[in-house]
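Breakdown of the fold
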Amino acid sequence: MSNKIILCGLQITSFPESKDPSAEKAELLMLYPMENVNAPKFKRKAVGQSTETPFGKSSLNINTHYAHKLIDTGAFVSNKEYELVVGFNTDTFENEISAITPVDQQVKKHFDECMK
């Protein structure tokens, strides 16, 4: 399965003092439309977009080893359109993004050079 989306960021989080200090979670950050909310305990008047994941939604998980490589090599360029490939991680038994490919040819050239 393949989809195109503008990606704003890539983050890898861990908790060194937790029960499993080597556990990491990698997520792709994208823009979501801001919505007005009028609930008894929370109100928001908004316009525009945010990278904050809306209530009831989840961010896109990406393979952590791949995410490290994207960050360490400098291949990832933010605020660009990417094609996403969804895969299944047999270690975590979850679906996750297994690869991203830039759509823009200049970014693709940079990406390919960095990932060599």
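This section reports on the structure supplied with the text. The structure presented is a predicted model; accordingly, all values stated were derived computationally and were not measured. (Residues numbered from 1 in each chain as written. Predicted model: local features only at pLDDT ≥ 70, side-chain atom pairs only at ≥ 80, totals over all residues. Heavy atoms only, no water.)

1. Looking at the overall build of the chain
Convention followed: What counts as a helix is a DSSP run of H or I of at least four residues, what counts as a strand is a run of E of at least two, and both are numbered from the N terminus. Each residue gets one of three labels from its accessible area relative to the maximum for its type: buried under 20%, exposed over 50%, partly exposed in between, using a 1.4 Å probe on protein chains only. In what follows, a contact means two residues having at least one pair of non-hydrogen atoms within 4.5 Å. For the purpose of charge, His is not counted, nor are the chain termini; Lys and Arg are scored as positive and Asp and Glu as negative. Note on charges: their place is set at NZ of Lys, CZ of Arg, CG of Asp or CD of Glu.
Within the chain one finds two helices and nine strands. Counting from the amino terminus, helix and strand elements in the chain follow one another as β-β-β-β-β-β-β-α-β-β-α. Along the first, second and third principal axes, the C-alpha atoms of the chain reach 55 × 40 × 25 Å. A total of 116 residues make up the chain; the buried ones form 27% of that total. Within the chain, contacts between residues at least 6 apart in sequence are counted, and of these 52% link residues at least 24 apart. Considering the chain, the positive charge centre built from 13 side chains and the negative charge centre built from 15 side chains are found 9 Å apart.

2. Quick notes on the nonpolar core
Counted only if it meets this: Put simply, a nonpolar core is a bunch of buried Ala, Val, Leu, Ile, Met, Phe, Trp, Tyr and Cys residues held in one set by side-chain atoms that sit within 4.5 Å of each other.
By size, the foremost hydrophobic cluster in this structure holds 18 residues, and its most contacted members are L28, I62, L70, Y82, I100 and F111. Each residue touching I100, except ones within four places of it in the same chain, is listed here: L7, L28, I62, Y66, L70, F76, Y82, E83, L84 and F111.

3. Some points on helix α2 (residues 105–114)
Here is the rule: In this context, the arc is that of the directions from the helix axis out to the C-beta atoms. N or O atoms closer than or at 3.5 Å make up a polar contact, with two conditions inside protein: a donor-capable atom paired with an acceptor-capable one, and, for residues adjacent in sequence, both atoms drawn from side chains.
For α2, every residue scored as buried is listed here: V107, F111 and C114. Projected onto a plane normal to the axis of α2, the buried residues spread over an arc of 65° and lie on a single side. The exposed residues of α2 that point more than 90 degrees off its buried face are Q105, Q106 and K109. The elements touched by buried residues of α2 are α1 (64–73), β8 (80–89) and β9 (94–102). With a side-chain oxygen positioned 3.0 Å from the backbone nitrogen of Q106, the residue opening α2 is D104.

4. Observations regarding the environment of M30
Its place among the elements puts M30 in strand β2 (residues 24–30). The residues contacting M30, other than those within four sequence positions of it, are I5, I6, C8, S50, T51 and L60.

5. Structural notes on the layout of surface pockets
Rules: A pocket, in this scheme, is an open set of points on a 1 Å grid over the protein atoms alone with protein on both sides within 12 Å along at least 5 of 7 lines, while a cavity is a set where a 1.4 Å probe fits but cannot get out; residues line either one if an atom lies within 4 Å of a point. Grid points are joined across faces, edges and corners, and a volume is the space filled by probe spheres set on the points.
Each pocket or cavity is described by its volume, and for the largest pocket that value is around 290 Å³. Surrounding the largest pocket, 14 residues form its lining, E24, T64, N89, T92 and E96 being those nearest its centre. Of all the secondary-structure elements, those providing two or more residues to the lining of the largest pocket are β2, α1 and β9. Quantified by volume, the second largest pocket comes out at close to 230 Å³. Residue lining of the second largest pocket: Y32, P33, M34, E35, V37, F42, R44, S50, E52, T53, P54 and F55, and that is the complete set. The set of elements that each furnish at least two residues to the lining of the second largest pocket consists of β3 (32–33) and β5 (42–44).

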